[in-house]
Amino acid sequence: MARIDETRPFLPVGIAVLTVSDTRTPETDRSGDTLVARIEEAGHRLVARAIVPDDIDEIRAQVEAWTRDTAIDVVITTGGTGFTGRDVTPEALEPIFEKRMDGFSAVFHRISYDKIGTSTIQSRATGGVLNATFIFVLPGSPGACKDAWDGILKAQLDYRHMPCNFVEIMPRLDEHLKRSAG
């Protein structure tokens, strides 16, 4: 079973939060606020935060820029994962993933199902890697952000989490590039 190994040090990671919405503002972004509070409470560094409209090009441009920033290890987006015409976050990001994280979606839906039942199928939460940066695409509700952070990300972004975690593999996310360059 998963556990925290207290003999290992906590290693804070740099995280950027992107809210995807045509209507939210910094004053009304409850989902972004939820993530920021949890990131800081866990001891990580909030490196950047922004709001962009439901536009494929704007979403992709912001995330790509953040994945080129060496201070950012993780990008978390909130919003735009549903099925309406303006919900385009997966369309913006999945095509640029170097590796897709199918397990993230599966575990997110299992956790969500326990809270909201079959309504979880209305989310296209996803995750992947780009430029040695983890990207997690969450629904726009504060509850979904809590579920993803509390049920998955908090543990996986903690170097002390055993038997394995994302932090310990971060240095190797771009090893395929190093190998081909040499």
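Residues numbered from 1 in each chain as written. Predicted model: local features only at pLDDT ≥ 70, side-chain atom pairs only at ≥ 80, totals over all residues. Heavy atoms only, no water.

Enquirer: Any chance you could explain the nonpolar core here in plain terms?
Expert: Soluble globular proteins tend to bury their nonpolar side chains together. In terms of nonpolar packing, the biggest core is built from 29 residues, with Val 74, Ile 76, Phe 134 and Phe 136 touching the most fellow members. The leading source of residues in this core is helix α5 (residues 142–156), at 6 residues. Aside from chain neighbours lying at most four places away, what touches Ile 76 is Ile 15, Ala 16, Val 17, Leu 18, Leu 35, Ile 39, Phe 136, Leu 138, Trp 149 and Leu 153. Formed by 19 residues, the second largest nonpolar core is a distinct cluster that contains Ala 16, Ile 59, Ala 92 and Leu 130. (Core = buried A, V, L, I, M, F, W, Y, C linked by side-chain atoms within 4.5 Å. Buried < 20%, exposed > 50% of the residue type's maximum accessible area, 1.4 Å probe, protein only. Helix = DSSP H or I, 4+ residues; strand = E, 2+ residues; numbered from the N terminus. Contact = heavy atoms within 4.5 Å.)

Enquirer: Sorry if this is basic, but what is going on with unusual backbone geometry here?
Expert: Trans is the prevailing form of peptide bonds, just as negative phi is the prevailing case for residues other than glycine. Residue Pro 163 is bonded to the preceding Met 162 through a cis peptide linkage, with omega at 20 degrees. Inspection of the secondary structure assignment puts Pro 163 in the loop between β8 (161–162) and α6 (166–169). Although it is not a glycine, Asn 131 adopts a positive phi angle of roughly 50 degrees. Mapped onto the elements of the fold, Asn 131 is located in the loop between β6 (126–130) and β7 (133–138). Residue Ala 132 is not a glycine yet carries a positive backbone phi of 60 degrees. Mapped onto the secondary structure, Ala 132 falls in the loop between β6 and β7.

Enquirer: What am I meant to see in helix α2 (residues 56–67) here?
Expert: In an α-helix, one turn spans 3.6 residues, which is why side chains three or four residues apart end up on the same side. Between the first and last C-alpha of α2 there are 16 Å, a value that for 12 residues agrees with the 16 Å anticipated at 1.5 Å per step. Every buried residue of α2 is listed here: Ile 59, Val 63, Trp 66 and Thr 67. When α2 is viewed along its axis, its buried side chains cluster within an angular range of 100 degrees and face the same direction. Where α2 is buried, its residues contact β2 (14–20), β3 (45–52), β4 (74–78), α3 (89–93), β6 and β7. Backbone nitrogen of Asp 57 and a side-chain oxygen of the N-cap are separated by 3.2 Å at the start of α2; the cap is Asp 55. (Expected span 1.5 Å × (residues − 1). Arc of directions from axis to C-beta. Polar contact = N/O pair within 3.5 Å; in protein donor to acceptor, adjacent residues only side chain to side chain.)

Enquirer: Would you take a moment to explain the pattern of salt bridges for this structure?
Expert: Opposite charge on two side chains lets them pair, provided their charged atoms get close. Tallied over the full model, the rule gives 13 salt bridges. Arg 49 is the partner of Asp 33 in a salt bridge, and the nearest nitrogen-oxygen pair spans 2.8 Å. Of this pair, Asp 33 sits in helix α1 (residues 30–42) while Arg 49 sits in strand β3, and the two are 16 residues apart along the sequence. By relative accessible area, which is 34% here, Arg 49 ends up partly exposed. Arg 38 is the salt-bridge partner of Asp 150, the closest N and O atoms lying 2.8 Å from each other. Residue Asp 150 is found in helix α5, and its partner Arg 38 is found in helix α1; the two are separated by 112 residues along the sequence. On the accessibility criterion, Asp 150 (45% relative accessible area) is partly exposed. Overall, Arg 38 belongs to the partly exposed group, its relative accessible area being 21%. Salt bridges sharing partners connect three or more residues here, namely Glu 6, Asp 158 and Arg 160. (Salt bridge = Lys/Arg side-chain N within 4 Å of Asp/Glu carboxyl O.)

None of the figures reported here should be taken as evidence of function without further support.
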